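Chains, contacts and geometry: an overview
The residues making up each chain are set out below.
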Amino acid sequence: MGLQAYLILAATVFCIGLFGVVTRRNTIGILLGIELMLNAVNINLVAFSHFNATATGMIFTLFTICITVSEAAIGLALVILLFRVRRTVMADHLDILKG
Amino acid sequence: MMSDPGGLALIALLLPAVSFLILAIVAPFRRSGRPAAFTSIIFAAGSLAAAIGAWRGHAEGQVTRLAWEWLPSNGVSIATVGVLADGDSTLMLILVALVAFLVQLYSLEYLHDEPPAALGRYYTYHSLFAFSMMGVVLAPNLLQLFISWELVGLCSFLLIGFWYQKPEAARAAVKAFWTTKAGDVGLLIGIILLWRVTGTFDLGELRTMVTSGAVPIEGLSLITFCIYLGAVGKSAQFPLHTWLPDAMEGPTPVSALIHAATMVTAGVYLLHRTVFLFPPDVLMVVAWIGAFTALLAAVLACVQDDIKRVLAYSTVSQLGYMMAAIGAGFSAAGFFHLLTHGLFKALLFLGAGAVIHAVHSNDLSHMGGLAKKMPQTALVFAIGTLSLAGIPFFGGFLSKEEILGATLAGHQTGPFVLLIVVAFLTAFYMFRVVFLAFFAVRATHASPLHVGAGPAEAGHYDQPHRSDSHHTPHDPPAVMMLPLWVLAALSLAVGVYSTVVGRVLQFGPAAEAGAEHVAPAWLTPAAVGVAIAGIALAWLVYQRRTIDAAKLAAAFGPIRTAALHKFWIDDIYEGILAFALLAFSRIVGWLDRYLVDGVLNVVSAWTVSAGDLLRTVQTGRAQDYVYGVAVGVLILILWIRWALV
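Below, the discussion takes up the overall build of chain B. Helices and strands together make up the secondary structure of chain B, namely 27 helices and two strands. Each principal axis of the C-alpha distribution contributes one length, and for chain B these read about 120 × 65 × 55 Å. Counting only contacts in chain B whose residues sit at least 6 apart along the sequence, the fraction spanning at least 24 positions is 81%.

A separate point is the overall build of chain A. The secondary structure content of chain A amounts to three helices and zero strands. Ordered by position in the sequence, the α and β elements of chain A form the string α-α-α. Here the C-alpha atoms of chain A give a radius of gyration of 17 Å, more than 25% beyond the 13 Å that 2.2 N^0.38 yields for 99 residues. Its C-alpha atoms give chain A principal-axis dimensions of about 50 × 25 × 20 Å. Here chain A, with 99 residues, has 12% of them falling under the buried criterion. The long-range share in chain A, meaning contacts at least 24 apart out of those at least 6 apart in sequence, stands at 46%.

Attention now moves to the packing of helix α11 (residues 252-261) of chain B against helix α15 (residues 331-359) of chain B. The geometry of a pair of packed helices is captured by two quantities: the angle between their axes and the separation between those axes. All names here are of chain B. The interhelical angle for the contact between α11 and α15, taken along N-to-C directions, is 160 degrees, at an axis separation of 9 Å. Accordingly, the angle class assigned to the pair α11 and α15 is roughly antiparallel. As for the relative orientation of α11 and α15, their crossing is right-handed in sense. Counted together, Thr 252, Pro 253, Ser 255, Ala 256, Leu 257, Ala 260 and Ala 261 of α11 and Gly 342, Lys 345, Ala 346, Phe 349, Leu 350, Ala 352, Gly 353 and Ile 356 of α15 form the full contact between these two elements.

Another point: the packing of helix α12 (residues 266-274) of chain B against α15(B). All names here are of chain B. Axis separation between α12 and α15 bottoms out at 10 Å; the angle between their running directions is 150 degrees. Viewed along their axes, α12 and α15 adopt a mutual orientation that is roughly antiparallel. Where α12 crosses over α15, the two elements pack in a sense that is left-handed. Facing α12, whose interface residues are Val 268, Tyr 269, Leu 271 and His 272, α15 presents Ser 331, Gly 334, Phe 335 and Leu 338. When grouped by side-chain class, the residues that make up the contact of α12 with α15 number five nonpolar, three polar and no charged.

Another aspect to go through is the interface of chain B and chain A. On the chain A side, the residues contacting the 10 residues of chain B number 10 residues. Here the side of chain B that touches chain A takes five residues from helix α27 (residues 622-644) of chain B, the largest share from any one element. Residues that form the side of chain B that touches chain A fall into these classes: four nonpolar, four polar and two charged.

Regular strands place their side chains on alternate faces of the sheet. Residues and elements named next belong to chain B. In this sheet, strand β2 (residues 76-85) lies alongside strand β1 (residues 64-73) in antiparallel orientation, the contact comprising nine bridges. If you follow Trp 70 over to β2, its bridge partner there is Ala 79. Taken together, β1 and the strand that follows it, β2, pair antiparallel across an intervening segment of two residues, in which Asn 74 is found at a positive phi of about 55 degrees.

Here we take up helix α3 (residues 56-86) of chain A. Structurally, the α-helix is built with 3.6 residues per turn, so residues lying three or four positions apart point the same way. All names here are of chain A. Over its 31 residues, α3 runs 44 Å from end to end, which matches the ideal 45 Å to within 8%, given 1.5 Å per residue. The buried fraction of α3 is low, at zero of 31 residues. The positive-phi residue at the C-terminal boundary of α3 is Arg 87, with phi of around 55 degrees.

The next point concerns the environment of Ile67(A). Mapped onto the elements of the fold, Ile67(A) is located in helix α3. Spatially, the C-alpha atoms of Ile67(A) and Thr12(A) are 22 Å apart, while their sequence positions differ by 55 residues.

What follows is about the nonpolar core. One finds Ala12(B), Leu93(B), Val96(B), Ala97(B), Ala346(B) and Leu419(B) to be the most contacted residues of the largest nonpolar core, which totals 205 residues. The dominant element in this core, judged by the number of residues it contributes, is α15(B), at 19 residues.

Glancing now at unusual backbone geometry. Here the phi dihedral of Arg87(A) falls at roughly 55 degrees; this positive angle occurs in a residue that is not glycine. Residue position: Arg87(A) is located in the segment after α3.

Residue and element names in this part refer to chain B. Take Gly 396: it is sitting in helix α18 (residues 396-409). Sequence separation between Gly 396 and His 341 is 55 residues, and the spatial gap between their C-alpha atoms is 6.6 Å. Once you skip the residues sitting within four places of it in the chain, Gly 396 turns out to touch Thr 340, His 341, Phe 344, Ser 387, Leu 388 and Gly 390.

This next bit is on the environment of Leu94(A). Here Leu94(A) lies in the segment after α3. Spatially, the C-alpha atoms of Leu94(A) and Ile74(A) are 19 Å apart, while their sequence positions differ by 20 residues.

To continue, consider helix α1 (residues 5-25) of chain B. Residue and element names in this part refer to chain B. Under the 1.5 Å per step criterion, the end-to-end length of α1 is 30 Å for 21 residues, consistent within 8% with the ideal 30 Å. All of the buried residues along α1 are Pro 5, Gly 6, Leu 8, Ala 9, Leu 10, Ala 12, Leu 13, Leu 15, Pro 16, Ser 19, Phe 20 and Leu 23. Summarising the contacts, the buried residues of α1 are in contact with α2 (27-31), α3 (34-57), β1, β2, α4 (87-110) and α5 (116-138).

Residue and element names in this part refer to chain B. Taken over all residues, the pLDDT of chain B has a mean of 83, while the share at 70 or more is 91%. A low-confidence stretch, residues 443-470 stays under pLDDT 50, and its non-local contacts, those more than four residues away or across chains, total 46 contacts. Here residues 504-516 is a poorly scored stretch, pLDDT under 50, and it has 19 contacts once near neighbours within four places are set aside; other chains count.

Quick notes on the rules
- Residues numbered from 1 in each chain as written.
- Chains lettered and ligands numbered in written order.
- Predicted model: local features only at pLDDT ≥ 70, side-chain atom pairs only at ≥ 80, totals over all residues.
- Helix = DSSP H or I, 4+ residues; strand = E, 2+ residues; numbered from the N terminus.
- Contact = placed C-beta atoms within 7 Å.
- Rg over C-alpha atoms; globule rule 2.2 N^0.38 Å.
- Buried ≥ 20, exposed ≤ 12 C-beta atoms within 10 Å, placed from the backbone.
- Axes fitted to C-alpha atoms, helices over the stretch in contact; angles between N-to-C directions.
- Parallel < 35°, antiparallel > 145°, perpendicular 65-115°, else oblique.
- Left-handed = near helix turned anticlockwise from the far one by under 90°.
- Nonpolar A, V, L, I, M, F, W, Y, C, P; charged D, E, K, R; others polar.
- Pairing = 2+ DSSP bridges.
- Expected span 1.5 Å × (residues − 1).
- Core = buried A, V, L, I, M, F, W, Y, C linked by C-beta atoms within 7 Å.
- pLDDT = per-residue confidence, 0-100.

Structure, rendered in structure tokens:
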């Protein structure tokens, strides 16, 4: 399998993630979508790293995974706080910035 | 330099300016009161000495000019500043300096109750006034004259409103300022128009142009009429005369200096200086309005009960006299009357001030029998009155008769008839004052001098600080009597000399013009006759009481009623102003409400609806924004892919 197959996979995963972020009503679902988008990027990095025979992409991916985990932890904490304050986690109810 | 009339005139002009600057800048000195007053008086005395020196140093027919270039433009100066000392201006300078000095001296006692700061302020204004008025007198060109002219207007405003705590005084000051400004606009327009066609402000150059035939020019009637308008405002001629009686709210010495002897005669002086420009049609207007003003004011003076207002209307009337002489083409006669009138009218006002000072009231009904209590004041007042009435051997005799002769010689029969009537009325109303104030004892007033209870509260007493009460009226102290005696002596001297010798002073341009006018022989007996008739009538009505004053009043019913309402002229002005202002402000209000505000409202409505439209984009939901970002990135990618590469 060539590089292109990996890139198509990554693009597909990214689009699924984006679709999730835009359409899910549940905030936790949106967070999962964001994870998917980040992992699509990881696939890209690893794929380029493999085919270019350099280790940079691999190392970068490790960092990304760490940051993704932290981000997920903060995101979930935000969701919990949000629920405490607003008694809901549905994104379409959170529109107090409506003009 | 010391015998040079130009230099001396300049010194006379600058001394009051120095005094003004000292008092204006050194505030603690000004607030010290009497030292400031003495400074101003000493400078005024110096100015008087310089003025007399300038007059004596000036040879017959000699014209001295000191001028400096001013307003340079492309290397050519538009105007000059300086002094012009000739026979007329140095004489007028003496009159101004003399009356200013005497009035300042007199005020020292008259205003002795004023707080020091107010006294200092008073003398500061007086110094500025003396400087400004001398500036008018000595101005060699119309531009400098106009500047000084406005300065005297300012001083008049400040001094009428000297007791600005009194609402009437403040109102009168504003009224005087605006009414004279109405005329001054005309003067300014006239000066500018004249400059546009002749290219000069200079009086000498203008005179040369007239003699060389470069003038008359197109539009001269309009230009000179505009200049005349300035004189109408300043010299209280008919349509704009209403401010002068109200100006009596100021202190009496101020009335004597500014509103009798000097400033109000500035209009006459202006015409006297520029009369060579005036075409006959404008002069005719000047003569008729002058004579009409004289009559109107004389009628008004007959019904006034306020001694100062009688004198004020009398001033308006006499100014009309002077104007009539100028209009008849004999401006020297008007100028001669200006000088004599300056002397005896200042005397009358200062005499009235002495009476007011003693009785604490302006009202004639609070006076009576004062001749016994204040014999000196009564005597000098009588001299002034006889001068004003035009009795031989008194100041106004010859000057008044010259004016009557001038109107005859100028073929102004209408104004002449009016002026003869005025001569009768003048004698009548002035002797009414003399008899009521000094001789007759009013039966209704057993004690006319109950100060505090009656007169002071009754109304117009013009000194707000009355510390002393319950004293018999008596002649004022020497510092007030001295100016009165000086003015009385001068009035008498001029009167006797002019009656015996004929014309006192030969005037340059006047001598040429006046040489031809020989008054008919019946003029002197006629003029003196009507004056004596007026005196006799006043004597019968107010002293002997052979004729009942009430019956006399009833005989003149409608005229008297009209005169008591000042012929409704003030009311008409107020009505017109109120009507015009209201109509104008309605229009402006409509424009503001519907045009200016309308445009703003439409613009703001558009803004609001555009905002309403745009706000729907802002849903407040995070996902919509993410969607927007994704679409935006997509568009960017496509743009880079297809457009740039």
